[in-house]
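Analysis of the macromolecular model
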Number of protein chains: 2
Amino acid sequence: MSTIRDVAKLAGVSTATVSHVVNNSRTVRPETRKAVLDAIKRLNYRPSAIARSLTTNVTRTIGVLVANITSPFFAALVRGIENRLEAYGYQLIVCNTDEQASREARYLDLLLARRVDGMIIAPTGEPQPLWRDFVAHNIPLVFIDRKPSEPCGPVIALDNFAAGYAATEHLIRLGHRHIAILVRSPMLSTVVGRRDGYRQAFRDYKLPLDESLIYVSDYALEAAHETAQRLLTTSPWITAIIATNHTMTLGVLEALQEQYIKYPDDVSLVAFDDNPWHLLVTPPLTSIRLPIQELCDAAVTTLRAALEKKSARADARALPDVFVKAQLIARASCRKI
Amino acid sequence: MSTIRDVAKLAGVSTATVSHVVNNSRTVRPETRKAVLDAIKRLNYRPSAIARSLTTNVTRTIGVLVANITSPFFAALVRGIENRLEAYGYQLIVCNTDEQASREARYLDLLLARRVDGMIIAPTGEPQPLWRDFVAHNIPLVFIDRKPSEPCGPVIALDNFAAGYAATEHLIRLGHRHIAILVRSPMLSTVVGRRDGYRQAFRDYKLPLDESLIYVSDYALEAAHETAQRLLTTSPWITAIIATNHTMTLGVLEALQEQYIKYPDDVSLVAFDDNPWHLLVTPPLTSIRLPIQELCDAAVTTLRAALEKKSARADARALPDVFVKAQLIARASCRKI
DNA sequence: CTGTTAGCGCATTCAG
DNA sequence: CTGAATGCGCTAACAG
């Protein structure tokens, strides 16, 4: 691959001039510029991002860690972040941690070695010592969707408490008293928020809260499925279920189908993470729609602010958290009781 | 961030020794090695992947271009490729082209500048001049899912002809004669294959083929939806529909629902891209399951072979294409007629 | 307006 | 077994 020196030689100028033509970093006489551009074209020269990064100490790369790229929610998040960030000339390195803290750690290490300019992280839940290294090296961290177990940067997330509350309140108002909720490990801030919103709704409506109706499951579809089966057999008196994510929703619907339990007749349903197919099952699902676009916008805005501050040597950790509201979309999967 | 020189100084050795300790590239006296490792730990030294790439001319990075990261199919593809490739110490830079040739071109340019070691590409359909540059610089290209419009590397794809044939034959055997098929632009090899398989099935069964039942739609959900509506109103006599991807399936189901058309009573349905929710709609969808794992395996194996060959200065283009078979899963969305 | 030069952080000869 | 020296491709002073 031809280098800046090849171009300089061919154009009969110095490498400095070539560099300045390429980067528009100082005025170059039109004829000189043309000679350089011609040489560049003839040699099919393409500056090495590697070499450039080495000298400038800037990679224009943002590391993105998501817990599960096959989840529609995270996939949409990645797409949104990429679209907004590319407008500012940043490129993403997306890594899929698959909900494993060990993978998260490995990727943090790799991305640190690659000297990314910043990170957007949906953490797995466990604290990561490497976060501190990023902070120590002034590489801003922005957490998205989930709060880190240790504060190492601003958080952009859903108001999970409100969302959990809204789902529960919707059912309570329809007359439900025995509402089960399917959640993941309470190590995740999303889970804590949604569960506590659920609890608070019961308190506010002065209804007895049965903690045993909070079912905890692993994130895999099979696990969600099994937990849903268990839920239906051990607590058959419940009249409603809240599934707190996409996989839980699938698991619940599978279990209902197997046990010939009809919704909303036998049990009402509220699903988190709205999806196109929620409209296509019979009857359509009442869902909590997460404002993905807003999350992406806020994450990118915050990250950019952090990158700015960094150059100004201020403390990037001082940026404010952002919480966005979800929206309950009432459809036919919940009935009055 | 501390450098190799800081470590060398602290350990009282040369940078060469530090380098060799880090890379295990020559025998170092145990005490020396220990001194180096201690210094590394104390300084929290982390070699710069940038600098290393500059000297070695290797990035251990693979560029991955997918058409639409929010599609369950491509998301699963990315996940599979990442899982297999990380075992060999490669990292991915995943880029979402959003089905736009211009974005594909921009990303090719960026990844070339970043000197990736290889590429896995699901092309948008239009030929990309930059492919030639990769080939010229001996950076192997592996195409996945879709054939490139110009042969620039091995192709790992579905046997789309067989899949289209299987879907159509399934319906023909059930007695259907008026079968509509919803496809994307025939610029895509996947579309051509599926469509031609459809045609061939009619020929083989000596049935008249109505070309006007091949409906072409853009890939967006709204477009698929509108095309499905049009299909149902302009060709109401059809007794079956084949939706050739995830979005088309959603569009068809939406249109059926709006027009109160029941499947399989009024119209039978075959959907490409099996998804968990296909089991949860009523009745469950007969689907074509794509062997994603096999695609990923073959792509990674082929890429690794190409990377090997490259070092051996052989022609990486000479690697064989791989075609894998899809599987039709008969469920209740098709009825006998 | 342009050229010279000195690194950026590392791997890798070649000597010892 | 170890060190000194060179260069990867580029940008950024500094000089002219």
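Before reading on, note that the structure itself is shown above.
Described below are features of the structure shown in this document. (Residues numbered from 1 in each chain as written. Chains lettered and ligands numbered in written order. Predicted model: local features only at pLDDT ≥ 70, side-chain atom pairs only at ≥ 80, totals over all residues. Heavy atoms only, no water.)

A few words now on the overall build of chain A. Each helix and strand counted, chain A has twelve helices and twelve strands in total. Relative to the compact-globule value of 20 Å for 337 residues, chain A shows a C-alpha radius of gyration of 26 Å, a clear excess of over 25%. Referenced to the eigenvectors of the C-alpha coordinate spread, the extents of chain A come out at roughly 85 × 40 × 30 Å. Expressed as a percentage of its 337 residues, the buried residues of chain A come to 56%. Summarising the internal contacts of chain A: among those between residues at least 6 apart in sequence, 67% fall at separations of at least 24. Roughly 14300 Å² of accessible area belongs to chain A as shown, and the carbon and sulfur atoms make up 53% of that amount. Looking at charge distribution, chain A has the averaged site of its 40 positive side-chain charges lying 9 Å from that of its 34 negative ones. (Helix = DSSP H or I, 4+ residues; strand = E, 2+ residues; numbered from the N terminus. Rg over C-alpha atoms; globule rule 2.2 N^0.38 Å. Buried < 20%, exposed > 50% of the residue type's maximum accessible area, 1.4 Å probe, protein only. Contact = heavy atoms within 4.5 Å. Areas by Shrake-Rupley, 256 points an atom, 1.4 Å probe, with all protein chains shown as cover. Lys, Arg positive; Asp, Glu negative; His and termini not counted. Charge placed at Lys NZ, Arg CZ, Asp CG, Glu CD.)

So, about the interface of chain A and chain B. Between chain A and chain B, the residue contacts involve 53 residues of the former and 53 residues of the latter. Between chain A and chain B, the buried area comes to about 4800 Å², and carbon and sulfur atoms account for 55% of it. For chain A, the biggest contributors to the area lost against chain B are Arg46(A), Gln91(A) and Leu280(A); these three give 15% of the whole. Where chain A packs against chain B, one counts eight salt bridges. For Asp109(B), the salt bridge is made with Arg46(A), and the minimal N-O distance between the two is 2.3 Å. Between chain A and chain B we count 30 residue pairs in polar contact (both at pLDDT 80 or more) in total. Mapped by element, the contributors of at least two residues to the side of chain A that touches chain B are helix H4 (49–56), helix H5 (72–86), strand S2 (91–96), helix H6 (101–113), helix H7 (130–136) and helix H11 (246–258) of chain A. If you tally residues by element for the side of chain A that touches chain B, the top one is H6(A), at eight residues. Taken together, the residues of the side of chain A that touches chain B break down into 28 nonpolar, twelve polar and 13 charged. (Buried area = accessible area lost by both parts, 1.4 Å probe. Salt bridge = Lys/Arg side-chain N within 4 Å of Asp/Glu carboxyl O. Polar contact = N/O pair within 3.5 Å; in protein donor to acceptor, adjacent residues only side chain to side chain. Nonpolar A, V, L, I, M, F, W, Y, C, P; charged D, E, K, R; others polar.)

Glancing now at the environment of Thr301(B). Relative to the assigned elements, Thr301(B) resides in helix H12 (residues 292–311). Spatially, the C-alpha atoms of Thr301(B) and Arg84(B) are 9.1 Å apart, while their sequence positions differ by 217 residues.

Moving on to the protein's contact with DNA strand C. In the region of DNA strand C, 27 residues are neighbours, and Arg29(A), Thr32(A), Thr55(A), Ile4(B) and Tyr45(B) sit closest. Restricting attention to atoms of DNA strand C within 4 Å of the protein, one finds that 62% of them are sugar or phosphate atoms. A distance of 2.3 Å is found between a phosphate oxygen of DNA strand C and a backbone nitrogen or oxygen belonging to Ile4(B). One of the side-chain nitrogen or oxygen atoms of Asn23(B) is found 3.0 Å away from a phosphate oxygen of DNA strand C. Looking at the surface near DNA strand C, the elements that each hand over two or more residues are helix H2 (15–23) and H4 of chain A together with helix H1 (4–11), helix H2 (15–23) and helix H4 (49–56) of chain B. Ranked by residues supplied to the surface near DNA strand C, first place goes to H4(B) with five residues. (Near = heavy atom within 4 Å.)

So, on to the protein's contact with DNA strand D. Around DNA strand D, the structure places 27 residues, and the nearest of them are Ile4(A), Tyr45(A), Thr17(B), Thr32(B) and Thr55(B). Here the atoms of DNA strand D within 4 Å of the protein split so that 64% fall in sugar or phosphate, with bases taking the remainder. A distance of 2.8 Å separates a phosphate oxygen of DNA strand D from a polar side-chain atom of Ser19(A). At 2.5 Å from a phosphate oxygen of DNA strand D is found a side-chain nitrogen or oxygen belonging to Tyr45(A). Of all the secondary structure elements, the ones that give two or more residues to the surface near DNA strand D are helix H1 (4–11), H2 and H4 of chain A together with H2 and H4 of chain B. If you tally residues by element for the surface near DNA strand D, the top one is H4(A), at five residues. Split into classes, the residues belonging to the surface near DNA strand D amount to ten nonpolar, twelve polar and five charged.

A few words now on the environment of Gln257(A). Among the structural elements, Gln257(A) can be located in helix H11. A relative accessible area of 38% means that Gln257(A) is categorised as partly exposed. Not counting residues within four places of it along the chain, the set of residues in contact with Gln257(A) comprises Leu279(B) and Leu280(B).

Take the side chain of Asn68(B) next. All names here are of chain B. For Asn68, the location among the structural elements is in the loop between strand S1 (61–66) and helix H5 (72–86). Note on Asn68: relative accessible area 12%, which makes it buried. For Asn68, the side chain forms a polar contact with the side chain of Thr70, separated by 2.7 Å. Once you skip the residues sitting within four places of it in the chain, Asn68 turns out to touch Phe74, Asn96, Asp98 and Tyr219.

Next up on the list: the relation of the copies chain A and chain B. For the pair chain A and chain B, the superposition axis carries a translation of 0.0 Å, the fit reaches an RMSD of 0.1 Å, and the rotation angle comes to 180°. Overall, the copies show the geometry of a two-fold rotation axis. When the interface residues of chain A are mapped onto chain B, 100% of them again lie at the interface, so the same face is used by both copies. (Least-squares fit on C-alpha atoms with pLDDT ≥ 70 in both.)

This structure, assessed with the given rule, holds 38 salt bridges over all chains. Glu31(A) is the partner of Arg29(A) in a salt bridge, and the nearest nitrogen-oxygen pair spans 2.9 Å. Note on accessibility: Arg29(A) and Glu31(A) belong to one class, exposed. Put simply, Arg79(A), Glu86(A), Asp98(B), Arg103(B) and Arg106(B) are held in one network by salt bridges that share partners.

Residue and element names in this part refer to chain A. Here Pro129 shows up in the loop between strand S3 (118–121) and H7. On the basis of relative accessible area, Pro129 is assigned to the exposed category, the value being 61%. For Pro129 and Val116, which are 13 residues apart along the polypeptide, the C-alpha to C-alpha distance reads 17 Å.

With that settled, the discussion passes to the side chain of Gln91(A). Tracing the chain through its elements places Gln91(A) in strand S2. For Gln91(A), the contacting residues outside a window of four places in its chain are Arg60(A), Thr61(A), Ile62(A), Ile93(B), Cys95(B), Tyr107(B), Leu110(B), Leu111(B) and Arg114(B).

This model, assessed by the stated rule, comprises nine aromatic pairs over all chains. Between Trp131(A) and Phe143(A) the ring centres are 5.0 Å apart and the planes differ by 75°, which places this aromatic pair in the edge-to-face class. Of this pair, Trp131(A) sits in helix H7 while Phe143(A) sits in strand S4 (residues 141–144), and the two are twelve residues apart along the sequence. For Trp131(A), a relative accessible area of 0% puts it in the buried group. For Phe143(A), a relative accessible area of 0% corresponds to the buried category. Taking the centre distance of 5.1 Å and the plane angle of 65° together, the rings of Tyr198(B) and Phe202(B) count as edge-to-face. One end of the pair is Tyr198(B) and the other is Phe202(B), both in helix H9 (residues 189–204) and four residues apart, which spans about a single turn. The exposure classification of Tyr198(B) matches that of Phe202(B), with both residues buried. If you follow Arg106(A) out to its NZ or CZ, it ends over the ring of Tyr107(A), 5.2 Å from the centre. (Phe/Tyr/Trp six-rings, centres within 6.5 Å; stacked < 30°, edge-to-face > 60°. Lys NZ or Arg CZ within 6 Å of the ring centre and 35° of its normal.)

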